[in-house]
Amino acid sequence: MVGRAAGFAAEIRERAADIEAARRMPEDLAARMAAAGLFRSLVPARYGGGQIHPREFFDAVMTTAEADGSVGWCLMIGASTGLLAATLADEAAEALFAANPDAIVTGVTAPIGKAEVVPGGVRVSGRWPFGSASQVSQWICGGSVVLENGEPRQAAQGGPEVILPLFEASEVRIHDSWHTSGLCGTGSNDIEVRDAFVPEGRWVPLGAPPRVDAPLYRFPFFGLLALGVSAVCLGLARHAIGAFTGLAGGKRPTGSRRTLAQRGSTQQDLARAEALVASGQALTYQAIDRAWQQAERVDRLDRDIKAQLRLAATNNAWSAAEAVDRLYHAAGGTSIYRSNVLQRCFRDVHVATQHLMVAQPTYEVVGRVMLGMDPKTPL
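Residues numbered from 1 in each chain as written. Predicted model: local features only at pLDDT ≥ 70, side-chain atom pairs only at ≥ 80, totals over all residues. Heavy atoms only, no water.

**Comments concerning the packing of aromatic side chains**
The description of two aromatic rings rests on the distance between their centres and on the angle between their planes. Inspection of the entire model under this criterion finds six aromatic pairs. Each ring, one from Phe130 and one from Trp178, has its centre 6.3 Å from the other, and the planes form 85°; the classification is edge-to-face. Pair noted here: Phe130 is in strand E2 (residues 121–131) and Trp178 is in the loop between strand E6 (173–175) and strand E7 (189–199), with a separation of 48 residues, a long-range link. A residue is classified by how much of its surface remains accessible, and Trp178, at 9% relative accessible area, is buried. Cation over ring: Arg55 sits above Tyr285, and NZ or CZ is 4.1 Å from the ring centre. (Phe/Tyr/Trp six-rings, centres within 6.5 Å; stacked < 30°, edge-to-face > 60°. Helix = DSSP H or I, 4+ residues; strand = E, 2+ residues; numbered from the N terminus. Buried < 20%, exposed > 50% of the residue type's maximum accessible area, 1.4 Å probe, protein only. Lys NZ or Arg CZ within 6 Å of the ring centre and 35° of its normal.)

**Quick look at helix H5 (residues 69–81)**
Given a rise of 1.5 Å per residue, 13 residues ought to cover 18 Å, and the 18 Å separating the end C-alpha atoms of H5 matches this to within 8%. For H5, the tally of buried residues reaches 13 of 13 residues, placing the bulk of the element in the interior. One side-chain oxygen of the residue at the start of H5 lies 3.1 Å from the amide nitrogen of Ser70, identifying that residue as Asp68. (Expected span 1.5 Å × (residues − 1). Polar contact = N/O pair within 3.5 Å; in protein donor to acceptor, adjacent residues only side chain to side chain.)

**Details of the packing of helix H9 (residues 303–330) against helix H10 (residues 341–352)**
Between H9 and H10, the shortest axis-to-axis distance is 10 Å and the interhelical angle comes to 155°. In terms of orientation, H9 lies roughly antiparallel with respect to H10. Our pair here, H9 against H10, has a crossing hand that is left-handed. Seen from H9, the contacting residues are Ala320, Ala321, Val324, Asp325, Leu327 and Tyr328; seen from H10, they are Leu342, Gln343, Cys345, Phe346, Val349 and His350. For the contact of H9 with H10, the residue count by class is nine nonpolar, two polar and one charged. (Axes fitted to C-alpha atoms, helices over the stretch in contact; angles between N-to-C directions. Parallel < 35°, antiparallel > 145°, perpendicular 65-115°, else oblique. Left-handed = near helix turned anticlockwise from the far one by under 90°. Contact = heavy atoms within 4.5 Å. Nonpolar A, V, L, I, M, F, W, Y, C, P; charged D, E, K, R; others polar.)

**Observations regarding unusual backbone geometry**
Residue Arg23 is not a glycine yet carries a positive backbone phi of 60°. Note on Arg23: relative accessible area 23%, which makes it partly exposed. In this structure, Phe130 takes a positive phi of about 65° despite not being glycine. Overall, Phe130 belongs to the exposed group, its relative accessible area being 55%.

Rendered as structure tokens:
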């Protein structure tokens, strides 16, 4: 999958400006990446998916994001949503994934919608922000609270029951709301359904155990999502490092006899940026490998292992932002122009860090786990 992702890199770089201007992923590019299996890389093999190792998923997203952050983000959302196939009822998984192996499935997990129980299924209404890649998707989900006789139905583990119902794209209205500072090309508009009927079985109860028994599906859904978000951040930082390295050798700052590359401060900033990114990758590989080893032995990862996955992801996001910031400032006035890729890396990475999965409070959650305390979070 990493090789397939790399095969699209040159084209993605060439089209990056157009993708940002259009504020969405191109349909032709999405279709070809889907045909290459990238969007179904985490779908179970029994439904025609790749069922790849989490390391490979992480690297494929990072490789794509290095070419363009928005395309990497769309791939991350589509691939991670494919994990739902492991928990869906078999008939629904066959229809959504096996019957159309090139289908792209995306969505939002936030339980904003309302799913009223009716004969044969549920009727869902809701409007969700951050519907990334919805324009190129065939199926779209939206987290919803289950209502029975107008009241929230209680889940077996306590609290309101939340499901992820899947809608056909034709049922979803896309609002033109994605006007942002960065990751503009993700098309992360608000998505809405009104009184959409979803038949029994075409939804996933949030937190339900997977039906497919394999090490990959013993990883927590949100843990893999967080790793994917952080892979986009590291890809952006890798892009910034490459762009800055090319710039530094040819730029002579105003009033200076030396090129930017000949300055000691430049050399230091570049080396520190590389260390931030490389150390983040190393910590991530370590966390994934430890989790995989445990997943091969037991049915469920323990809390410490899950905390290390989340720590690695959050560390990646903020280390990447620091690396990009260093290079953006080191480049001087050149970096503010639209023609310079550093300004886009700067904007994109600071949008990515705002995702809930890699937000600063995650450090507190991990710290509580390290201290033997209850993390007090469903995520």
